[in-house]
Amino acid sequence: MSEANTKKATLKLNGQEIELPIYSGTLGPDVIDVKDVLASGHFTFDPGFMATASCESKITYIDGNAGILLHRGYPIDQLATKTDYLETCYLLLNGELPTPEQKKEFDSQVRNHTMVHDQVSRFFNGFRRDAHPMAIMVGVVGALSAFYHNNLDLDDVNHREITAIRLIAKVPTLAAWSYKYTVGQPFIYPRNDLDYAENFLHMMFATPADRDYKVNPILAKAMDRIFTLHADHEQNASTSTVRLAGSTGANPYACISAGIAALWGPAHGGANEAVLKMLDEIGSVENVAPFMEKVKTKEVKLMGFGHRVYKNFDPRAKVMKETCDEVLGALGINDPQLELAMELERIALSDEYFIKRNLYPNVDFYSGIILKAIGIPTSMFTVIFALARTIGWITHWLEMQSTAHKIGRPRQLYTGETQRDIQR
Ligand code: SDX
């Protein structure tokens, strides 16, 4: 924030005047530092954090009105089409895109940490085979901390950095295994000769019976781009969860597990799975009109639409739709659900109910159609989101750990019983 802080807001309260400092960032709205409101015996009140900046950050910038998303200053559409996911991971972690040598070294570091301790594979047996893969991921990622006791000194930058590499590298292995476990197939181990997305798809779909299984490069490229589009998104609910857990000094594996749990909700990362269920329920274009009426009476939500920040197109949704067309075209797939989704979008974008509420497609609206084309089952959609967002979560965790921070501890407006005594 700007050091020469001269701007102030004045709060007039009960005859008092409280001067509140105003800080400016490099982009976006100024912020009002409200901590001195406490001295007046008041709390600020902002359920859902509609107008609250929880921290200072240099990682990602979103302009919701203009539909802009920048990672370390680079627009998401350029990152999604001109870099691969690991380059975006390097950028988020280090602030700059890697040189060819840095890329080679980072890629090698990740490749050489994709294995997990063989005891980890035993955790899966505690789950029923019909467990939701997200339930498995919450458990198994959190349990990783049990294997790295010697590298969890949060004050040691080397421990923090190796933890980031371990999580980026091992989450895809655990994600693929959470799928294999639910379909009763043996785990496929990571391979150091495959690229990141290719390795993940190989672990997802190869079997011991098919030694020559090869990942379709079109699908690997689409998978990699989907990872990039989900990498980070400022202080969203799951990232804020990771930051809040991290503010207590909890170990990073537990913090990422908390982020996975928060992402699971249908209002957040679980929306991609909910979009496909919604398309299944609507069934055909003929049923769109009655469905939209149910949306307007608030019986249902149009999943994959709307966003707390974007009051314009989510720039990720645009790239996702282009990728959708590319992948389905390249594979010669004519998916009726794509036509259905496009009809829903067409109607919503011309309907006063949605226009008035600034409801546009978000990142989750088209992603499921591509994931389905890749062969990913619906139950794995949010796991894919969690896999891709791990870099965002760990980057925010690192940013917080490397700067002075206090434990996050919000207050409340209490409207319960006043003090009373037990009458016995
Ligand atoms: C993600 O925060 C992030 O950055 C998240 C994310 C990321 O990358 O981390 O971008 C990923 O979570 C994307 C969002 C995925 N969720 C969905 O697609 C679920 C459907 N969308 C919503 O539930 C909703 O739009 C939210 C949760 C995304 C945003 O909710 P807000 O900001 O709290 O807005 P709101 O619920 O107050 O809605 C404002 C109005 C309401 O109507 P009124 O009360 O004014 O009459 O818009 C309506 C809502 O009923 N509305 C919808 C709607 N979303 C909002 N109506 C129908 N369908 C919808 N999808």
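Residues numbered from 1 in each chain as written. Predicted model: local features only at pLDDT ≥ 70, side-chain atom pairs only at ≥ 80, totals over all residues. Heavy atoms only, no water.

As annotated in an unreviewed UniProt entry, the protein carries the name Citrate synthase and comes from Acinetobacter pollinis. Within the UniProt record for the protein, the comment given under Catalytic activity (unreviewed entry) is "oxaloacetate + acetyl-CoA + H2O = citrate + CoA + H(+)". The protein has a UniProt comment under Pathway (unreviewed entry) that states "Carbohydrate metabolism; tricarboxylic acid cycle; isocitrate from oxaloacetate: step 1/2." (UniProt positions renumbered as here; feature names shortened; annotations may be inferred.)

What follows is about the overall build of the protein. A count of helices and strands for the protein gives 17 helices and 6 strands. A compact globule built from 424 residues would reach a C-alpha radius of gyration of about 22 Å, and the protein, at 23 Å, matches this within 12%. Dimensions of the protein along its principal axes, counting C-alpha atoms only, are 80 × 65 × 60 Å. Each of the 424 residues in the protein was classed as buried or not, and the buried ones make up 48%. Taking all contacts inside the protein whose residues are at least 6 apart in sequence as the whole, residues at least 24 apart take part in 70%. Across the protein, the mean location of the 43 positive side-chain charges is 4 Å away from that of the 50 negative side-chain charges. (Helix = DSSP H or I, 4+ residues; strand = E, 2+ residues; numbered from the N terminus. Rg over C-alpha atoms; globule rule 2.2 N^0.38 Å. Buried < 20%, exposed > 50% of the residue type's maximum accessible area, 1.4 Å probe, protein only. Contact = heavy atoms within 4.5 Å. Lys, Arg positive; Asp, Glu negative; His and termini not counted. Charge placed at Lys NZ, Arg CZ, Asp CG, Glu CD.)

Attention now moves to the pattern of salt bridges. Taken as a whole and assessed by the stated rule, the structure comprises 18 salt bridges. Among the ionic pairs, Glu 399 bridges to Arg 243, the shortest N-O distance being 2.5 Å. Of this pair, Glu 399 sits in helix α17 (residues 381-401) while Arg 243 sits in helix α9 (residues 237-246), and the two are 156 residues apart along the sequence. As a salt-bridge pair, Lys 296 and Glu 293 come within 3.8 Å of each other at their nearest N and O atoms. Of this pair, Lys 296 and Glu 293 both sit in helix α12 (residues 288-296), 3 residues apart, which is roughly one turn of that helix. Ionic contacts of the salt-bridge type, sharing partners, join the residues Asp 107, Arg 111 and Asp 195 into one network. (Salt bridge = Lys/Arg side-chain N within 4 Å of Asp/Glu carboxyl O.)

Think of two packed helices as two axes; the pair is described by the angle between the axes and how far apart they sit. Two numbers describe how helix α16 (residues 364-374) lies on α17: the axes approach to 10 Å, and their chain directions differ by 105°. As judged from the angle between their axes, α16 and α17 are roughly perpendicular. For the pair formed by α16 and α17, the contact residues are Asp 364, Gly 368, Leu 371 and Lys 372 on the first element and Phe 381, Ile 384 and Phe 385 on the second. In terms of residue class, the contact of α16 with α17 is built from 4 nonpolar, 1 polar and 2 charged. (Axes fitted to C-alpha atoms, helices over the stretch in contact; angles between N-to-C directions. Parallel < 35°, antiparallel > 145°, perpendicular 65-115°, else oblique. Nonpolar A, V, L, I, M, F, W, Y, C, P; charged D, E, K, R; others polar.)

Here the focus is the layout of surface pockets. Of the volumes computed, that of the second largest pocket is approximately 400 Å³. What lines the second largest pocket is a set of 19 residues, among which Leu 93, Asn 94, Glu 161, Ala 164 and Leu 398 lie closest to the centre. Of all the secondary-structure elements, those providing two or more residues to the lining of the second largest pocket are α2 (85-94), α3 (100-111), α6 (157-182) and α17. The element that contributes the greatest number of residues to the lining of the second largest pocket is α6, accounting for 6 residues. (1 Å grid on protein atoms, 1.4 Å probe; cavity = no way out; pocket = protein on both sides within 12 Å on 5 of 7 lines; lining within 4 Å. Points joined across faces, edges and corners; volume = space filled by probe spheres on them.)

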